[in-house]
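Fold and contact review
Residue-level listing of the chains:
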Amino acid sequence: MAGKKIKTVAPTFSKPPYQLSYQQVAGELGTNIETGLSQQQVEENTAKYGENKLDGEGVISLWKILIKQVANAMILVLFFAMALSYGTKDFIEGGVITAVIALNVVIGFWQEYNAEKTVDSLRSLSSPSAAVLRNGDIDVKVIPSGPVVPGDIIQLVVGDIVPADVRLFEAYNFAALEAILTGEPIPVVKEIEPIEGEQGVGDRINMAFSGTEVTKGRARGIVVSTAMGTEMGAIAVAMQSKAKKPNRSVDPKKSKWNPIKGSALRIWDAIGKFLGLTEGTPLQRKLAKLAYVLFGCAILLAIIVFAVNKFNVTHEVQIYAISLGIAIIPESLIAVLTITMAVGMKKMAKNNVIVRKLDALEALGGVTNICSDKTGTLTQGKMVTRKAWIPGIGIYSVERNNSATDPNSGFVTLGAAPTTDADANEREYQAKRTKRDQERSALALKFADDPEIKNRPADVSTSEKEDLETEGNDGDHPEIIPELEAFLQSTSLCNLATMRYNEKERSWQASGDPTEIALQVFAHRFDFGHKKLVEQVGWKELAEYGFDSNVKRMSVVFQEPNNGKQIIFTKGAVERIIDLCDDIGFGDQVQPLNQEHKDEVIRQMTLLADQGLRVLAIARRVVETPKRSHEWSEYPREDVECKLTLLGLAGLYDPPRLESKEAVQNCTTAGIQVHMLTGDHPGTARAIAREIGIIPKDFGNLPADVAAAMCMTASQFDVLTDDQIDELPTLPFVIARCAPSTKVRMIEALNRRGRYVAMTGDGVNDAPSLKRADVGIAMGEGGSDVAKSAADLVLTDDNFASIVKAVEEGRRMFDNIQKFVLHLLVSNVGEVILLVVGLAFQDRNQLSVFPLAPLQVLWINMLTSSFPAFGLGKEKPSSEIMRRPPHSMKAGVFTWQILADMMVYGFIMGSCTLLTFVIVVYGAGGGQLGQNCNSYFSPECNTVFRARAAVFAQLTWLILISAWEFKSLRRSMFRLNPYQTDSKFPFFKDIYDNRFLFWAVIIPAIFVVPVIYIPGLNTKVLRHTGIGWEWALSFAGVPIFIIGIEAWKFLKRYYGWFNGGESDRVRKDASLSLRQGFFTMARTITRTSISSRTTTMEKRPVSARGDDQV
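Residues numbered from 1 in each chain as written. Predicted model: local features only at pLDDT ≥ 70, side-chain atom pairs only at ≥ 80, totals over all residues. Heavy atoms only, no water.

**A word on the overall build of the protein**
In terms of regular secondary structure, the protein is built from 39 helices and 27 strands. Residues counted as buried form 57% of the 1110 residues belonging to the protein. Taken as a whole, the protein presents about 46300 Å² of accessible surface, with 56% of it coming from carbon and sulfur. (Helix = DSSP H or I, 4+ residues; strand = E, 2+ residues; numbered from the N terminus. Buried < 20%, exposed > 50% of the residue type's maximum accessible area, 1.4 Å probe, protein only. Areas by Shrake-Rupley, 256 points an atom, 1.4 Å probe, with all protein chains shown as cover.)

Set out below in structure tokens:
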């Protein structure tokens, strides 16, 4: 799909629009707020400012994809072999190589094109609409967001996605959720008055920004910028800019050598990019380097061939050189790699992970650190009322809640309010738990919990109950007492959120501000929903005083159904409500709010806030002098919100996803460090991080410098220089109040420590860090188009736990790539050894006779090796794949073990086939090499052709059997899983487990027999002939080859070669020394499955520098 690049121009103003009055903005844009733009003005503005579409990567260039395939390093090497074949007029071999090139290019092109189409369709999922006022119409017209232009009058209501940056001129109780820009989950209440001075995005409260969501109220405004001129577009521009490489300047003013030096480096960059040596993932660069190394080896071998034949370069000698060149190149590698990764991409799509780039799978397997946003990624991005403190009664707690909108999920308990220092109780509790865990670990037993530890103090401020879970059923709640009833009435009626049960979908649905939804759900738990109180009970609303960001509170006036009392209900920030209260309590428990009571309220607020809860105060006042509805509308707000009675406090919580804690545990077991980079409050960030196990609950066991560095705010982190950051004992696990630039600095700091970083995120503010990260992972449901286009992977379910699946799939892919690369290269090494030594086999004309013909080599490399290699690419993950550290991205696929295996197995393979050729020719054939046996068959070439057939059959079988052997690089083929106990001899079960690989070995092994005998194909194309007793030699090489491989594997396991010197009999633990997710044996309050709880705890020493992985 081709397309033109979108060109947009931003309007210019005398001042930023938020500093101007809306009348000035309308005048400078030439629009009318009552009638909107005319059709002519719309057309003129479209031509002037462009369409309202972001510059992205959605335009798929077929030419770029094709050039990328043709410029592939391995393809370029094959081009040289093809040219040489045609140059020697060997059209059969040249045609076969041409077909190989075409196959690789077509497969690569098709798979990458499909991947780009998938991403493009995903990017177009969230295209908002716009309600615009045009041509003097009375009603607004809903149109796609693309045709919106500056000057348009836009109407916004609850649930809308703002289509462009809008200067508001009318706002009624209007708020927008700007988390996509700022990362903050709290909606921003908007006003219409001009703002003085320069302000950040979050403080421009008279603006509604493109891509943000309207959560309550309604508003109208003037579009002041579209597309790349919006705040979202500005971040997209910053994300798309590439860092310039140093020393590329050609400006002679800085240095007289700059033109020469800069030009040379730029030329090298261009060549390196074309050849794939300087761009792409580590695997791409490694394969590019491998291709050119092999090309150099092919040239060297050709020179050796010419030298052995005294540089008498005849047609026969050229054919031998081509044969060696083909033998050293794994022709099917590119095709197998591309198909394998494409299959992996489709598999991951079924697991809710869209892969934008096939090679991101390989990179993902090497990730050592994941930098994750909190809101909507680790958490659900939804508020729930978790605690409610009612003075004189205690704390109502919501337990085992699995849904932010379902009032029947979980149950409510009543407990005593904390009366002593929570930290002291927590430290005592943690000490008991640590002692128990040490005993449990030392004895390796699972025993009943100590009853003393079960009795965790009731006043401990904790989000996790570990050993003694409060029992209850969904929907249970304590008896409703008058104090609770008054609290529920206030939270339900002083609330604009709406809830309803969808019978068709059998689920609860809610709309409105997340904070008010949370309070409404809590009221619904006790059957005190707003709708019921108004429609059934008979409460009547008289007045509303909407939430004001200046006073940070909201009030409503209702008339009671029974005796007609008028009651004012108020909720808001504790510090703003408490000063308006004269009393505390309800009914007979009402007391004057003295200083002692105020101190207690502040203390309870602090205890709730320390748990990461957002705390609101709930109050009310009975009106002494009732008024009519129209009288309330004129009544001053300050006379309404006074002389209140405090009913209690509500603690609201954005819960972690159910899978987050387990996902963090799995990352730790896999040697991956998780970092939370969030724009939220430090206290909230720490509480969430503790709950899902990113940081420990108790830092007392850590060195002081490690504990201090573990949690930081962005202001603390940003003031540090790079050198100071590098000197930290550990990089922060949690950074609060995080800005986009902070995230980028964190990634760069990890890179300087040699870490390979993945960044997850959903908002536009995450896009720069997604771009800079080694692997960017965006959210598909709530993520912005900009974030998706910046990412390598997109999670369609926005679930952090899907990252674990993606990491596992990445590791599986990497393991399998190693297996089939080894499989292909071992055959190449064996063929090269056979052909190089074969140079010594010279006929009476002193010309070397090759033991394998060129097309025999191509047949083996393309038809015999390709399908088993692809089968190895489909291997399932091993049972220990997520219990080992990430693989080294520096070494990549070609580790020392792979290189050693390649040489050892290749030597055994080459030796076996060489011995077979020698026995046939020099043992039974008396050394008869004939004449011109490289070109055609004759009776005197019968011995050579029979020897080639025997070598061809044996080499085919050895390559095929090696595919089964390479199912594991270290374990015996006869016992791939040493922990398997259901079978004494699991060989047949193991090899049949991968059915594609099984038949990819069996079918070619059988098919080699007719290939030896088919007339024409044998003597004219493959240059071999039918054999008899030589079959025994071909068979005999198979057990010798197996014994050699098994012996090498045994030595590796026994002496711990390529395993850090540790025998494979020692079971290694890849977990980090600071074990995220395992700091306690607790589970989140939202976890319902008791079986998910950790049952063992390993006490690990902490290194002097904290996390030795960081």
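That shown, we press on.
**What to know about unusual backbone geometry**
Of note, the phi angle at asparagine 352 is positive, near 70°, even though the residue is not glycine. Relative to the helices and strands, asparagine 352 resides in the loop between α11 (333-350) and β8 (353-355).

**So, the side chain of aspartate 152**
Among the structural elements, aspartate 152 can be located in the loop between β2 (141-144) and β3 (153-157). One polar contact links aspartate 152 to arginine 134, side chain to side chain, over a distance of 2.7 Å. A polar atom in the side chain of aspartate 152 sits 3.0 Å from the backbone nitrogen of valine 149. Those residues in contact with aspartate 152, other than ones at most four positions away along the chain, are Leu37, Val42, Val132, Arg134, Pro147, Gly221, Ile222 and Val223. (Polar contact = N/O pair within 3.5 Å; in protein donor to acceptor, adjacent residues only side chain to side chain. Contact = heavy atoms within 4.5 Å.)

**A few points about helix α24 (residues 682-691)**
Taking burial as the measure, the ten residues of α24 include eight buried ones, the bulk of the element. Considered for burial, the residues of α24 that qualify are Pro682, Gly683, Thr684, Ala685, Ala687, Ile688, Ala689 and Glu691. Where α24 ends, the next residue or the one after it, glycine 693, has phi of about 90°, a positive value.

**A closer look at the confidence of the model for the protein**
Mean pLDDT for the protein: 80, with 82% of residues reaching 70 or above. Segment residues 122-126: pLDDT under 50, and eleven contacts once partners within four positions in sequence are set aside and those in other chains are kept. Contacts for the low-pLDDT stretch residues 1080-1110, under 50 throughout, to residues beyond four places or in other chains number 100 contacts. (pLDDT = per-residue confidence, 0-100.)

**Let's talk about the packing of aromatic side chains**
Applying the stated rule across the entire model yields 24 aromatic pairs. A ring pair is formed by tyrosine 501 and tryptophan 508, whose centres lie 5.5 Å apart and whose planes are at 65°; its orientation type is edge-to-face. For tryptophan 508, a relative accessible area of 22% gives the class partly exposed. In this structure an aromatic cluster arises from ring pairing among Trp964, Phe974, Phe987, Phe988, Tyr992, Phe998 and Trp999. Its guanidinium or amino end placed over the ring of tryptophan 632, lysine 627 lies 5.1 Å from that ring's centre, counting from NZ or CZ. Sitting over the face of the ring of tyrosine 635, lysine 627 holds its NZ or CZ atom 4.4 Å from the ring centroid. (Phe/Tyr/Trp six-rings, centres within 6.5 Å; stacked < 30°, edge-to-face > 60°. Lys NZ or Arg CZ within 6 Å of the ring centre and 35° of its normal.)

**Regarding a nonpolar patch on the surface**
Taken together, the side chains of Trp896, Leu899, Phe1050, Leu1051, Tyr1054, Tyr1055, Trp1057 and Phe1058 present a nonpolar region at the surface, about 850 Å² in accessible area. Secondary-structure elements contributing two or more residues to the nonpolar patch are α34 (896-924) and α39 (1030-1055). Of note, tryptophan 896 is situated in helix α34. (Patch = residues over 30% accessible without salt bridge, like charges linked within 9 Å, V, L, I, M, F, W, Y side chains within 5 Å. Salt bridge = Lys/Arg side-chain N within 4 Å of Asp/Glu carboxyl O.)

**Re the packing of helix α31 (residues 801-838) against helix α33 (residues 866-873)**
Think of two packed helices as two axes; the pair is described by the angle between the axes and how far apart they sit. Following both chains from N to C, one finds α31 and α33 inclined at 160°, their axes separated by 8 Å at the closest point. By the criterion of interaxial angle, the relationship of α31 to α33 is roughly antiparallel. Like other packed secondary-structure pairs, α31 and α33 cross with a definite hand, here right-handed. Between α31 and α33, the contacting residues are Arg812, Asn816, Lys819, Phe820, His823 and Leu824 on the first element and Pro868, Ala869, Leu872 and Gly873 on the second. Looking at side-chain class alone, the contact of α31 with α33 contains five nonpolar, three polar and two charged residues. (Axes fitted to C-alpha atoms, helices over the stretch in contact; angles between N-to-C directions. Parallel < 35°, antiparallel > 145°, perpendicular 65-115°, else oblique. Left-handed = near helix turned anticlockwise from the far one by under 90°. Nonpolar A, V, L, I, M, F, W, Y, C, P; charged D, E, K, R; others polar.)

**Details of the state of the cysteines**
One way to say it: the disulfide is the covalent bond shared by the sulfur atoms of two cysteines. According to the stated counting rule, one finds one disulfide in the structure shown. What pairs with cysteine 933 in a disulfide is cysteine 941, and their sulfur atoms sit 1.9 Å apart. Measuring the twist about the S-S bond at about -90°, one finds the cysteine 933-cysteine 941 disulfide to be left-handed. Overall, cysteine 933 belongs to the buried group, its relative accessible area being 1%. On the basis of relative accessibility, which here comes to 0%, the residue cysteine 941 falls in the buried class. (Disulfide = S-S within 2.5 Å.)

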